[in-house]
Amino acid sequence: MFNWFRRKTNKTEAEEAKKPTEEATSPQTETTQEETKTVPDDYLSWAKNAYKNIQQRQTTPTTETTTETPQETVKADQTTAEVESEIPETSEAPETLAPETSKESTPAWMQKSDRLEALKETAIETETVEDTTPLTFDEEFVWSAKVLAAQGRAPEDVSQEEINWLKRLRQGLGKSRRGLVNQLKSIVGQGPLNEDAVMEIEALLLQADTGIEATDYIISTLQNKLLEEALPPEQALEYLKSILRDILDRPLEQVVNPGFAPEKEVLNIWLLTGVNGAGKTTTIGKLAHLAQQSGYNCIIAAADTFRAAAVEQVKVWGERTNTPVIANPGQNTDPAAVVFDGISAAQARNIDLLLVDTAGRLQNKKNLMAELAKIRRIIDKKAAKAQVESLLVLDATLGQNGLRQAEVFSEAANLSGVVLTKLDGTAKGGVALAVAQQLNLPIRFIGVGEGIEDLRPFSSYEFVEALLNE
């Protein structure tokens, strides 16, 4: 089982970005160790060894036991009367996703809707199976292997899941990369930046949704370096990469959990918020899948009770990822009541991670703040020792409009970070730099497609390489 939350990386050391690290290589065979030491810059040889090791693991028979999580919810032993000062007395019991009963004997509001069935069919049709496709040793594989080698990884430690993810990341950022790399090389390789060069770089970065503040910082830092010494285009581009990585990593210096992995032996509660259409519900489903694939027990609380079809969409993702969903059968019910029921179910099952789909309305910031504050009070009373994080799901295609959304949410909620979605579309990629520079929020996860495997923990090194590597 590959744990995506605890990948071995060493992205913060700039010197590791130029060669594979011999010390990080755990010896598998004497030949492999000798090749890595003798030719440290031979990424092709490193990639071949990684490819061979992956093939060997695929042909080695392994026995895995899979325990399916039943698609039903647990009714909490405690009742909502414990916090009736916070939750209305009209709160109903959490809905049980049990076998369907006859429509004649079931109230209309409890019957499965045609919309839910349509959503379910659509979800199944769009599901991707990239990780089960045959492994191909091509240019994308070599590039992916080079990125992993530069982070201090050994060929025998590389998994096919990582290779497939890096391929999708590079493909997703392809539009941004093709528009940036050649033009930046031609500009920064001419020595100190004159006024025209500064204007060209500024235009390129702003077109990539980098934002004014991040753009000014990048240009001034790059200009100071080029005034000290003339750099050829390749070295100037490498220095530019280090500037981008510094911007993306700086928000992590002030957080308690820089790795952002669920803690064992304690309930982890992740609150996800975002405006309609940002991909919040889809992100919750993908996070549930990612957590279970990484060895964490997970359930979902469908607390976005005011948006049409939001609960139904969460149920679709629950069925798709085999994740229990805690939901209230009524409409426009109190989100805090659903969170209370979700915590009760998580505690009864000894769950590692509770994902909460919270409301994402921006029309009234005061109401949003009040709702999130109420949910926090429920968590403090019901699960005082829980590890709580708050994530904003941001549509990368919105560019600077998305940044303004993030500003509003950062004022209304105590955010732990951002999930950047839809980077495979018309997104420019630079919005990640704007979020880190202007809002001082770390990027925690990024999504580059509609498939269930297309969301992964964020790595500044991998992101920058995919953005600025030919």
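Everything below is about the structure printed above this text.
What comes next concerns the included structure. Not measured: the values here are computed from a predicted model.

## What about the packing of aromatic side chains?
Consideration 1: For the structure on display, the rule yields 7 aromatic pairs.
Consideration 2: Summarising the aromatic geometry, the rings of Tyr-51 and Phe-137 are spaced 5.3 Å apart at their centres and angled 70° between planes, so their arrangement reads as edge-to-face. Of this pair, Tyr-51 sits in helix α2 (residues 43–59) while Phe-137 is found in the loop between α3 (114–126) and α4 (139–150), placing the two residues 86 residues apart along the sequence.
Consideration 3: A relative accessible area of 31% means that Phe-137 is categorised as partly exposed.
Consideration 4: Note on Tyr-51 and Phe-141: the rings are 5.4 Å apart at their centroids and 90° apart in plane angle, and the pair reads as edge-to-face. On the criterion of sequence distance, the pair formed by Tyr-51 in helix α2 and Phe-141 in helix α4 is long-range, its members being 90 residues apart.
Consideration 5: For Tyr-51, a relative accessible area of 17% corresponds to the buried category.
Consideration 6: On the accessibility criterion, Phe-141 (0% relative accessible area) is buried.

## Section: unusual backbone geometry
Consideration 1: The backbone of Asp-209 shows a phi angle near 65°, a positive value even though the residue is not glycine.
Consideration 2: Residue position: Asp-209 is located in the loop between α7 (195–207) and α8 (212–228).
Consideration 3: The phi angle at Asn-322 is positive, at roughly 60°, despite the residue not being glycine.
Consideration 4: Mapped onto the fold, Asn-322 is located in the loop between α11 (310–321) and β3 (325–326).

## Describing the pairing of strand β4 (residues 353–357)
Consideration 1: For β4, the buried fraction is high: 5 of the 5 residues fall into the buried class.
Consideration 2: A two-sided burial pattern is seen for β4, the buried positions comprising Leu-353, Leu-355 and Asp-357 on one face and Leu-354 and Val-356 on the other.
Consideration 3: Strand direction decides the pairing type here: strand β1 (residues 268–273) and β4, joined by 5 bridges, are parallel. Of the residues in β4, the one forming a bridge with Leu-272 is Asp-357.
Consideration 4: In this sheet, β4 lies alongside strand β2 (residues 298–302) in parallel orientation, the contact comprising 5 bridges. Considered in β4, the bridge of Ala-302 is made with Asp-357.

## Concerning the packing of helix α9 (residues 233–249) against helix α15 (residues 431–439)
Consideration 1: Running from amino to carboxyl end, α9 crosses α15 at an angle of 55°, the nearest separation of the two axes being 8 Å. With respect to α15, the axis of α9 lies oblique. Relative to α15, α9 is oriented so that their crossing is left-handed. Between α9, through Leu-244, Ile-247 and Leu-248, and α15, the contact on the second element is made entirely by Ala-432, Leu-433, Ala-436 and Gln-437.
Consideration 2: Grouping the amino acids of the contact of α9 with α15 by side-chain chemistry returns 6 nonpolar, 1 polar and no charged.

## A look at the pattern of salt bridges
Consideration 1: Summed over the entire model, instances satisfying the criterion amount to 14 salt bridges.
Consideration 2: The salt bridge involving Asp-138 is made with Lys-167; its shortest N-O contact spans 3.6 Å. Note that Asp-138 is positioned in the loop between α3 and α4 and Lys-167 in helix α5 (residues 160–172), a separation of 29 residues in sequence.
Consideration 3: According to the relative accessible area criterion, Asp-138 is partly exposed, its value standing at 29%.
Consideration 4: Exposure remark for Lys-167: the relative accessible area of 12% places this residue in the buried category.
Consideration 5: Notably, a salt bridge pairs Glu-229 with Lys-225, separated by 2.9 Å at the nearest N-O pair.
Consideration 6: One connected set of salt bridges, linked through shared partners, spans Glu-139, Glu-140 and Arg-170.

## Examining the side chain of Thr-358
Consideration 1: Relative to the elements of secondary structure, Thr-358 occurs in the loop between β4 and α13 (365–382).
Consideration 2: For Thr-358, a relative accessible area of 2% puts it in the buried group.
Consideration 3: Ignoring any residue separated from it by four or fewer positions in sequence, one finds Thr-358 in contact with Leu-271, Leu-272, Thr-273, Lys-280, Asp-304, Leu-372 and Ile-375.

## What about the environment of Ile-299?
Consideration 1: Positionally, Ile-299 belongs in strand β2.
Consideration 2: A residue is classified by how much of its surface remains accessible, and Ile-299, at 1% relative accessible area, is buried.
Consideration 3: Those residues within four positions of Ile-299 in sequence are excluded, and the remaining contacts are Thr-323, Pro-324, Ile-326, Gly-342, Ala-345, Ala-346, Ile-351, Leu-353, Leu-354 and Leu-355.

## Structural notes on the nonpolar core
Consideration 1: Counting 103 residues, the largest nonpolar core has Trp-270, Leu-355, Leu-420, Phe-445 and Phe-463 as the members making the most contacts within it.
Consideration 2: Among residues more than four places away in sequence, those in contact with Leu-355 are Trp-270, Leu-272, Ile-284, Leu-287, Ala-288, Cys-298, Ile-299, Ile-300 and Ala-301.
Consideration 3: Among the nonpolar cores identified, the runner-up in size contains 23 residues, and Leu-271, Ala-301, Val-339 and Val-356 belong to it.

## So, the sheet that holds strand β8 (residues 455–457)
Consideration 1: Within the open sheet, the 8 strands sit side by side as β3-β2-β4-β1-β5-β6-β7-β8. Their pairing is mixed. Each edge of the sheet is formed by a strand with only one pairing partner; in this case those strands are β3 and β8.
Consideration 2: The strands touched by helix α14 (residues 400–412) within the sheet are β1 and β5 (387–395), with β5 carrying the most contacts at an inclination of about 155°.
Consideration 3: Along the sheet face, α15 touches β5, β6 (417–421) and β7 (443–447) and points at about 170° away from the line of β6.

The rules behind the values
- Residues numbered from 1 in each chain as written.
- Predicted model: local features only at pLDDT ≥ 70, side-chain atom pairs only at ≥ 80, totals over all residues.
- Heavy atoms only, no water.
- Phe/Tyr/Trp six-rings, centres within 6.5 Å; stacked < 30°, edge-to-face > 60°.
- Helix = DSSP H or I, 4+ residues; strand = E, 2+ residues; numbered from the N terminus.
- Buried < 20%, exposed > 50% of the residue type's maximum accessible area, 1.4 Å probe, protein only.
- Pairing = 2+ DSSP bridges.
- Axes fitted to C-alpha atoms, helices over the stretch in contact; angles between N-to-C directions.
- Parallel < 35°, antiparallel > 145°, perpendicular 65-115°, else oblique.
- Left-handed = near helix turned anticlockwise from the far one by under 90°.
- Contact = heavy atoms within 4.5 Å.
- Nonpolar A, V, L, I, M, F, W, Y, C, P; charged D, E, K, R; others polar.
- Salt bridge = Lys/Arg side-chain N within 4 Å of Asp/Glu carboxyl O.
- Core = buried A, V, L, I, M, F, W, Y, C linked by side-chain atoms within 4.5 Å.

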